[in-house]
Structure formats: structure tokens, C-alpha cells
Amino acid sequence: LLVTSAIEKGFPQSTVWQYGERLEDVADFMEAVAAGADVAILDQNLQFESQTLLGSDLVRELIADGYLGLLCIRSANGSECDQALYRSSGAHCFLDKGLAPAEMVQRVTSAYWSNEVRTSEARSSSELLQAEGAGASRERQERYKAPVHRARRCSKAVQRRTSDTLPGL
């Protein structure tokens, strides 16, 4: 809830969703991100009753599916080695769980505008990739299907941008 609250306060014109109570939420999260989220924040260690997923693996999957928005990994594990893993997965931003909310919002804003410049030219070609990947939705629903249960520790948020959502212009 801290992540969601900080994003809502830092970007008041945004719509924020949080996922992660059940393993099935992962498929819903991936679909929400693919449907046009501008920013996705993923916990690195998503612990469910039946298995643990890594946010960095989900980042790789989103990129493989043609996602061009900002991808952030949030974790208490922030060694140089850990951060190298997050970057190698394609994450643009690392958010330490110990960051103050205002600092987290500042880092996301900075990373967003940096990523926006890098990806603005690639957005038109991504429409082709998304059209080709229409079957990914059904595949994700099956991949993350599991019995209903509660997550022990997981918070993920997606933020969608509106015309005046992010500060800095």
C-alpha cells in the first residue's frame, strides 16, 4: 500500500492498480501492463503459496511481448550484483524498499522521462509487435493459473499516464 499511496500522491492524475494477492493476479497484471500502462513497478520476489516468481523474469516477458513503457524493480535486495540482474532483465529503474515515498516518486519520474526519450521512436513499430502477440493473453492466463490463496508478501502497481500526469515538463 505504501507504493500505491506514494504514486497516487506523486501523480494525482494517474490511475493506479495494485495486484498480487493471488498467483492468478500475475496474469491480470501482465495484461494491464500490455494494455497500455506507462509505468509498471514489480517486486523482485513475489512469494505465493505454491511458488515464487521473480519480477525480473516478468520484466523479460513484458519486453519480449513488445512493452515499451517504464519497468521498475522494487526490492530490499539492492547490492551491485542484484541491481545488475535487474538491469540485465531490462528494468529501467531500481527502487529500494527503504526509499522514502518522495524519493521513490522522484526516481520514477526521472526514470520515466529518460525512458520516454529512448522509446518514443520505437512506439510506432511496437504496434506491429502487439498485433502479432494477440495470443499472449490466453497463454498468460494458463501460465499463472493456480488455486486461490493469499500472497505472503507482494505489492505491484501500474500507473497509466494522462495528459498531465507526470511532473517535469
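Structure shown above.
Within each chain, residue numbers correspond to sequence positions counted from 1 in written order. It should be noted that, the model being predicted, local features are given only for residues of pLDDT at least 70 and side-chain atom pairs only at 80 or more, the latter also being counted only at that level, while totals for whole chains, interfaces and linings use all residues. Side-chain numbers come from the whole structure's heavy atoms, not from hydrogens or water.

*Asks:* Would you explain the overall build of the protein chain in this entry?
*Replies:* Looking only at helices and strands, the protein chain features seven helices and seven strands. Of the regular secondary structure in the protein chain, the N- to C-terminal order runs α-β-α-β-β-β-α-β-α-β-α-α-α-β. Here's how the labels work: a residue is buried when its accessible area is under 20% of the maximum for its type, exposed when over 50%, partly exposed in between, all with a 1.4 Å probe on protein chains only. Out of the 169 residues belonging to the protein chain, those deemed buried represent 45%. Contacts are residue-level and defined by heavy atoms, with any inter-residue pair within 4.5 Å sufficient. Relative to all contacts within the protein chain whose residues are 6 or more apart in sequence, the contacts with residues 24 or more apart total 74%. All accessible areas in this document rest on Shrake-Rupley with a 1.4 Å probe, and a residue is counted as covered only by the protein chains that are shown. Here the protein chain has roughly 8,800 Å² of accessible surface; of this, 51% comes from carbon and sulfur atoms. A run of H or I in DSSP counts as a helix once it spans at least four residues, and a run of E counts as a strand once it spans at least two, with each numbered from the N terminus.

*Asks:* Hey, could you run me through helix 1 (residues 2-10) in this one?
*Replies:* For an α-helix, 3.6 residues make a turn, and residues three or four places apart therefore share a direction. Along helix 1, the residues that are buried comprise Val3, Thr4, Ala6 and Ile7. Seen along its axis, helix 1 keeps its buried residues to an arc of 165°; they face one direction. The arc refers to the directions leading from the helix axis to the C-beta atoms.

*Asks:* How do you make sense of empty space enclosed by the protein when you look at a structure like this?
*Replies:* Over the atoms rolls a probe the size of a water molecule, and in doing so it shows where empty space is left. Both site types are read off a 1 Å grid over the protein atoms alone. A 1.4 Å probe that fits but cannot get out defines a cavity, while an open set with protein on both sides within 12 Å along at least five of seven lines defines a pocket; lining residues have an atom within 4 Å of a point. Grid points are joined across faces, edges and corners, and a volume is the space filled by probe spheres set on the points. In the structure shown here, the tally under the stated rule is one cavity of 30 Å³ or more. Of the volumes computed, that of the largest cavity is approximately 40 Å³. Surrounding the largest cavity, Leu2, Val3, Arg74, Asp96, Lys97, Leu99, Pro101 and Met104 form its lining. Those elements giving two or more residues to the lining of the largest cavity turn out to be helix 1 and helix 5 (101-119). Under the grouping applied here, Gly and all other residues not named as nonpolar or charged are polar, the nonpolar ones being Ala, Val, Leu, Ile, Met, Phe, Trp, Tyr, Cys and Pro and the charged ones Asp, Glu, Lys and Arg. Tallied by class, the residues present in the lining of the largest cavity amount to five nonpolar, no polar and three charged.

*Asks:* How should I be thinking about the side chain of Ser89 in this particular structure?
*Replies:* Tracing the sequence through the fold places Ser89 in helix 4 (residues 80-89). Overall, Ser89 belongs to the buried group, its relative accessible area being 4%. Within the structure, Ser89 has its side chain in polar contact with the backbone oxygen of Tyr86 (distance 2.6 Å). In contact with Ser89, not counting residues within four places along its chain, are Ser56, Val59, Arg60 and Ile63. Polar contacts, as counted here, are pairs of nitrogen or oxygen atoms within 3.5 Å of one another; within protein the pair requires one atom able to donate a hydrogen and one able to accept it, and residues that are adjacent in sequence qualify only if both atoms are side-chain atoms.

*Asks:* I keep staring at the packing of helix 3 (residues 55-64) against helix 4 and nothing clicks. Help me out?
*Replies:* Each pair of packed helices gets described by two things: the angle between the helix axes and the distance between those axes. Note on geometry: axes are lines fitted to C-alpha atoms, helical ones only across the stretch in contact, with angles between N-to-C directions running from 0 to 180 degrees. It is at 8 Å that the axes of helix 3 and helix 4 come closest, and there the two elements cross at 20°. As summarised for this structure, helix 3 and helix 4 are arranged roughly parallel, according to the angle between their axes. When the axes of helix 3 and helix 4 are compared, the crossing they make is right-handed. Seen from helix 3, the contacting residues are Ser56, Val59, Arg60 and Ile63; seen from helix 4, they are Leu85, Ser88 and Ser89. Relative orientations are named as follows: roughly parallel for angles under 35 degrees, roughly antiparallel for angles over 145 degrees, roughly perpendicular for angles from 65 to 115 degrees, and oblique for any other angle. The handedness criterion is simple: a crossing whose near helix is rotated anticlockwise from the far helix by less than a right angle is left-handed, and one whose near helix is rotated clockwise is right-handed.

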